[in-house]
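Here are the chains, one letter per residue:
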Amino acid sequence: MENITKIEKKWRNKWEEENIYKFEFDDKKEKLYCLEMFSYPSGANLHMGHWWNYGVTDTWARLKRMQGYNVFHPMGFDAFGLPAENYAIKTGIHPKDSTNQNIKTMKKQLKNIGATYDWDYEINTSSPEYYKWTQWMFLKLYENNLAYKKEAPVNWCSSCNTVLANEQVINGECDRCQTTIERKEMSQWFFKITDYAEELLTSLDKLDWPDATKVLQRNWIGKSEGAFVNFKVDDYSFKVFTTRSDTLFGVTYCVLSPEHELALKITKPEYIEAVKKYQKEASIQSEIERTSTLKEKTGVFTGAYAINPVNNKKVPIYIADYVLSTYGTGAVMAVPAHDERDYEFAKKYNLDIIPVIESDTLPFMEDGKHINSEFLNGLNNIDAINKMNNYLKDNNLGEKTTNYRLRDWLVSRQRYWGSPIPIIYCETCGIVPVPEKDLPVVLPYDVEFTPDGESPLAKSDEFVNCKCPLCNKDAKREVDTLDTFVCSSWYFLRFLDANNNNEPFNKERINKIMPVDKYVGGIEHACMHLLYARFFTKALRDMGYLNFDEPFKSLVHQGIILGPDGEKMSKSRGNTVTPDPIVEKYGSDILRNYLMFGFNYIDGGPWTDDGITSINRFYKRVERLIDKHSQDKEIEKLEKVLHKTIKSVLEDLEEFQFNTSIARIMEYTNALSKYEEIPKYYLEQLLLLLAPFAPHITEELWSRLGNDFSIHNMNYPTYDASKVIENTFEIGVQVNGKLRASVNITDNISDEEIKEEVLKHENIIKYTKDKEIIKFIIVPKKIVSIVVK
RNA sequence: GCAGGUAUGGCGGAACUGGCAGACGCGCUAGACUUAGGAUCUAGUGGAGCAAUCCAUGCAGGUUCAAUUCCUGUUACCUGCACCA
């Protein structure tokens, strides 16, 4: 198409003037909330990934619009976060200034996609109007005992002199300077996501999400059934968590993690020094060193002995770093005969190994008959566990329990560019939440944010010093900011009421439009954003602010568009492909269509330029066909093709199979091009079919056919089932599993007639004569299979 | 180590619930129209073979009248988790 850029611009302006993508709440049509993970406003232009996620999903949203849904399709910016802050440290440009500038550019670029966003619902998480309500969320969680402060180990980079978020730790190293991350104890705020572990796990089943994603979340939550067992040591006692309480008679020692609160208390005086030394060594080890499975196990004896509650045997207690303080109780009972790790440790330190399950090998982890186990002898694994758990409970020695791998969510960040945590520390009143009426706690502009290990906000006296809301004495504000994942844990709710100044969102609105019907974004968020957002939704539900259980009913992960070399696109690799030149040359519709046609949306794949010309050629062909339009009349042959096409396109689009939908429309186009003159109706149907795929081009051609603005307000084609039915079929005939012939069969003939027809076929006669027909299988409309001997 | 995923022509990729493997397109070959074509149109295009036919969905088996699809084993790559007691 000539002047494609101009044409696209013309229609975008028209759409904006006419406000055709306006979303109205009171619409009588059925609602549909289509959402892509909102964007981080980076300085550069849109990259291929943006077009891939936003352009392609918009096609689906457009289909739904044309199918008569009241589609809510918003866009906004996840604007807080480290990149802006790091950029500021490098360039001196304030994060607020660069972010706002980036949002401006990005919004302009996003508009070039020609998507159906209603920008009246735009949000920016770094604006006080937004983070006021992020802070409100924090207060509500705090009120409901779902936010608490405690001492915790965090990721510390000694070179940047700051704490890093988990997602900034790549293979145990700082993603900025590759320094090995250390652990450091700091007082931090947490959200009690573990309260929801069970529901987060079980309600996954109901969701229309990719199985792979559910598996990731399930593993992350890591439920395991087991038991607590109490071990006494002198005047103290500690609990261990075990999934194998059936092996209790095989316990030959116990291990506490170096961080265990009893570690020093139970240690005998002559061992104190060694234990302290070991603790220190463990604490300065990096997380990778500490948790490496390759590392030889180490430990130190405490001189103390614990009493095995089932047989009152004394077993030595060790401190060893192969036991993690963050899982279970931070203490384990060791059964070297039936656990590889315990076995390795026992061998090294010459500890007893007592088999309690019959086997030829050591260590043996399979099921088997119990031995050396008094009342468990002869039982298999499951029965033994049940019997033991009952015994523990009856004798008050322990109890059955469920343990989760999931940890509470650490939300404190010692960084500047984030939402301040609305908490005040008063010497008299302690921790005091900022009263709701005082929100937002505004992030001050003039702050020294070069990282030196101290939270940047701590350096702003103006920010820190305040009055206690309860006693009005001098007090100090919390100086950490919130993890940006907090901002994105509820943005899909705010979108619906983006300009509400009185509350985070209106309850009726939320309940009317939520949940999100189709959520599209990368799988990398499986165990972070997607989990956090589910937690927020459930917490808000239990507080009475909304009445649904899950935020995202149906989820799609787009694959990744790789560089032409098959590697992930990156500046350092120099394999990035930028959309801009393609958009300039061919227009945004062509880029969008190439992305849809050239790849499977779920898989992605390496970029190639070749496909661009092919899709461009296709639309040029469509344009030429439009110019061949003639008076309307029905062509029976085309009717059939058209209705079959509509059927397939609708089915494929439902599954995000854009590539095959376009292939089907190409087939329809091929059928049309057989005609010198094409009735206008069939061309209009073609344009309507293509409208969600190529909004600009179809709008232009629609008007060229003499139709009124806008094609996007038309209904999407529907098919007539009676026209899709075939009444003749060409079906294959197999003899002994090999294809030997192909026959034409009409719809309504009997199996006997089919048999007769098939056996008349020359080639079939050849393969069946002088042979006995053992089986004659007819699969209606598909195949005939003959077995001969 | 554990869990999940992927593997189909020269290339991107199709194939619903087991039913004619390779839709659609790129590329390539030949031809047409052209001053020309990197435009457009027509025909062909998985491999071998003159043909009948045979061989082909990572590899090796199995189930079945029939397997890209189901089962067992195996290889390569990708992703997540990783001393989880």
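Above this text sits the structure in question.
In this text, all values refer to a predicted model and were calculated from it rather than measured experimentally. (Residues numbered from 1 in each chain as written. Chains lettered and ligands numbered in written order. Predicted model: local features only at pLDDT ≥ 70, side-chain atom pairs only at ≥ 80, totals over all residues. Heavy atoms only, no water.)

A.B. asks: Got a minute to help me understand the protein's contact with RNA strand B in this structure?
C.D. replies: If you check the shell around RNA strand B, you find 58 residues, and the closest are K297, R341, G598, N600 and E730. For RNA strand B, the fraction of protein-proximal atoms (within 4 Å) that sit in sugar or phosphate groups is 67%. N600 is positioned with one of its side-chain polar atoms (N or O) 2.4 Å from a phosphate oxygen of RNA strand B. Residue R740 places a side-chain N or O atom 3.0 Å away from a phosphate oxygen belonging to RNA strand B. (Near = heavy atom within 4 Å. Polar contact = N/O pair within 3.5 Å; in protein donor to acceptor, adjacent residues only side chain to side chain.)

A.B. asks: Looking at this model, I keep getting lost on unusual backbone geometry. Mind explaining?
C.D. replies: Among all residues except glycine, the phi angle is most often negative; among peptide bonds, the trans geometry is most common. At the junction of L439 and P440, the peptide bond is cis and its omega measures out at 0° in the coordinates. Assignment of secondary structure puts P440 in the loop between β18 (430–433) and α13 (461–464). With an omega of 5°, the peptide bond between F709 and S710 qualifies as cis. As for its position among the elements, S710 is in the loop between α24 (695–704) and α25 (721–724). In this model, E374 sits at a positive phi of 45°, which is unusual for a non-glycine residue. Its place among the elements puts E374 in the loop between α11 (340–349) and α12 (381–394). Even without being a glycine, N472 presents a positive backbone phi close to 65°. With respect to the helices, strands and loops of the structure, N472 is situated in the loop between β19 (465–467) and β20 (474–477). For N472, a relative accessible area of 55% corresponds to the exposed category. (Helix = DSSP H or I, 4+ residues; strand = E, 2+ residues; numbered from the N terminus. Buried < 20%, exposed > 50% of the residue type's maximum accessible area, 1.4 Å probe, protein only.)

A.B. asks: Would you explain the pattern of salt bridges in this entry?
C.D. replies: Working definition: two side chains of opposite charge can pair if their charged atoms are close together. Applying the stated rule across the entire model yields 42 salt bridges. The closest approach of N and O atoms between K107 and E122, which form a salt bridge, is 2.7 Å. A residue pair is termed long-range when its members are at least 10 positions apart, and K107 in helix α4 (residues 95–113) and E122 in the loop between α4 and α5 (128–143) qualify at 15 residues. By relative accessible area, K107 is classed as partly exposed at 22%. (Salt bridge = Lys/Arg side-chain N within 4 Å of Asp/Glu carboxyl O.)

A.B. asks: Would you explain the packing of aromatic side chains in this entry?
C.D. replies: In this description, an aromatic ring pair is defined by two values, namely the gap between the centres and the angle between the planes. Across all of its chains, the model carries 57 aromatic pairs by this definition. Measuring from centroid to centroid gives 5.1 Å for F23 and F25, while their planes differ by 80°, and the two rings are edge-to-face. For F25, a relative accessible area of 11% translates into the label buried. Note on Y519 and F552: the rings are 4.0 Å apart at their centroids and 20° apart in plane angle, and the pair reads as stacked. (Phe/Tyr/Trp six-rings, centres within 6.5 Å; stacked < 30°, edge-to-face > 60°.)

A.B. asks: Help me understand the environment of A741, please; the structure alone is not making it clear to me.
C.D. replies: Its location among the elements puts A741 in strand β29 (residues 738–746). In this structure, the C-alpha to C-alpha distance between A741 and H761, residues 20 residues apart in sequence, is 7.6 Å. Non-local contacts of A741, meaning those with residues more than four positions away in its chain, are made with I731, G732, V733, H761 and I764. (Contact = heavy atoms within 4.5 Å.)

A.B. asks: What should I look at first to understand the packing of α5 against helix α17 (residues 529–542) in this one?
C.D. replies: One can describe the packing of α5 onto α17 by two numbers: an axis separation of 11 Å at closest approach and a directional angle of 60°. With respect to their mutual orientation, α5 and α17 come out oblique. For the element pair α5 and α17, the recorded crossing hand is left-handed. Contacts from W136, M137 and L141 in α5 reach F535, F536, A539 and L540 in α17. (Axes fitted to C-alpha atoms, helices over the stretch in contact; angles between N-to-C directions. Parallel < 35°, antiparallel > 145°, perpendicular 65-115°, else oblique. Left-handed = near helix turned anticlockwise from the far one by under 90°.)

A.B. asks: How do you make sense of the sheet that holds strand β22 (residues 518–520) when you look at a structure like this?
C.D. replies: Strands belonging to one sheet form pairs held by backbone hydrogen bonds; the direction of such a pair is parallel or antiparallel. With parallel pairing, the four strands of this open sheet are ordered in space as β2-β1-β22-β23. With one partner strand each, in any of the chains shown, β2 (70–72) and β23 (555–556) form the two edges of the open sheet. (Pairing = 2+ DSSP bridges.)

A.B. asks: So what exactly am I meant to see when it comes to the packing of helix α20 (residues 610–626) against α24 here?
C.D. replies: In a packed pair of helices, the relevant descriptors are the angle between the two axes and the axis-to-axis distance. It is the contact of α20 with α24, at a shortest axis distance of 10 Å, that shows an interaxial angle of 10°. Comparing the axis directions of α20 and α24 gives the class roughly parallel. Across from Y619, V622, E623 and I626 in α20, the residues of α24 making contact are I697, L701 and R704. Of the residues contributing to the contact of α20 with α24, the split by class is five nonpolar, no polar and two charged. (Nonpolar A, V, L, I, M, F, W, Y, C, P; charged D, E, K, R; others polar.)

A.B. asks: I keep staring at the pairing of strand β10 (residues 253–256) and nothing clicks. Help me out?
C.D. replies: Where a strand is regular, its side chains alternate between the two sheet faces. On β10, burial covers both faces: Y253 and V255 on one face and C254 and L256 on the other are all buried. Judged from the four bridges that link them, β10 and strand β13 (residues 331–334) form a sheet pairing that is antiparallel. Within the sheet, the bridge partner assigned to V255 lies in β13 and is V332. Alignment of β10 against strand β12 (residues 314–320), held across three bridges, turns out to be parallel. Bridging from a neighbouring strand, L256 pairs with I319 of β12.

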